[in-house]
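# Inside the fold
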Amino acid sequence: KSGDREYPPIRATFEVMADSAPPAPGEPIPATRQLVLADVSDLANIDSSFEPDPALHERTIADALSTGKPLVVAFATPAFCETRFCGPVMEEVIQPLHRDYGARVEFIHVEPFDVKKARNGELVAVPAMAEWGLTTEPWVFVVNPGGSVAARFEGVVTREELESVLVTVLAR
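Starting afresh in each chain, residues are numbered from 1 along the sequence in its written order. In keeping with the model being predicted, local features are shown solely for residues with a pLDDT of at least 70 and side-chain atom pairs are shown and tallied solely at 80 or more, while totals for entire chains, interfaces and linings include all residues. Each side-chain value is derived from all of the structure's non-hydrogen atoms; neither hydrogens nor water enter the calculation.

This next bit is on the layout of surface pockets. Approximately 360 Å³ is the volume found for the largest pocket. Computed over the protein atoms alone on a 1 Å grid, cavities are sets of points where a 1.4 Å probe fits but cannot get out and pockets are open sets with protein on both sides within 12 Å along at least five of seven lines; a residue lines them when it has an atom within 4 Å of a point. Contributing to the lining of the largest pocket are 22 residues, with L35, I46, D114, V126 and P127 lying nearest its centre. Think of it this way: any DSSP run of H or I at least four residues long counts as a helix, any run of E at least two long counts as a strand, and we number them from the N terminus. Contributing elements (two or more residues each) for the lining of the largest pocket: β2 (106-110), α3 (115-119) and α4 (127-132). Throughout this entry, Asp, Glu, Lys and Arg are counted as charged residues, while Ala, Val, Leu, Ile, Met, Phe, Trp, Tyr, Cys and Pro are counted as nonpolar. The remaining residues, Gly among them, count as polar. Counted by class, the lining of the largest pocket contains 11 nonpolar, six polar and five charged residues. Along its surface, the second largest pocket is lined by 10 residues, and P22, G133, T135, W139 and E154 are the ones closest to its centre. The class makeup of the residues in the lining of the second largest pocket is four nonpolar, four polar and two charged. Grid points are joined across faces, edges and corners, and a volume is the space filled by probe spheres set on the points.

Okay, here's the thing in structure tokens:
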């Protein structure tokens, strides 16, 4: 019911899967070797953010795993996001937490789509999407120092939600 107008019920069906393809809490993450700053001539080729942050593209996920630090891995595409949540997740969650925790936590941003092709209207997933079993965006993973998923978030995640997981992981 909305104001004086009443709407009939809407039926929706959805499939609940016992297992999902993306790494679940407790499972190891793939040691992905995505494109990083050293691989491209222009950061805009691997980051569609309005103001890309080069610090989020310094290491591959595989290299970050070897640091012994927790990781935050964000699969988000601010310019081409189909859900419209990528920009806010990057700007209001990932970047501020990176400023606050970057000395103790590795933060990595992976564009889900080939940016050059996306600029030409063709959304082609990067290999890391298949490697992680992802078909949507955004996704944010918090990874324990040993390489297992501490928490994962699909779609919207608040700074408070992500920070509470980071605080717990850092306290271990």
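And the narrative resumes.
Tracing the chain through its elements places P28 in the segment before α1 (61-65). Taking the C-alpha atoms as reference points, P28 and T136, separated by 108 residues in sequence, lie 20 Å from one another. Those residues in contact with P28 that sit more than four places away from it in its chain are P23, G147 and S148. Residue contacts are defined here by distance: any two heavy atoms, one from each residue, within 4.5 Å place the two residues in contact.

So, to be careful, I would describe these as geometric facts and stop short of saying anything about function.
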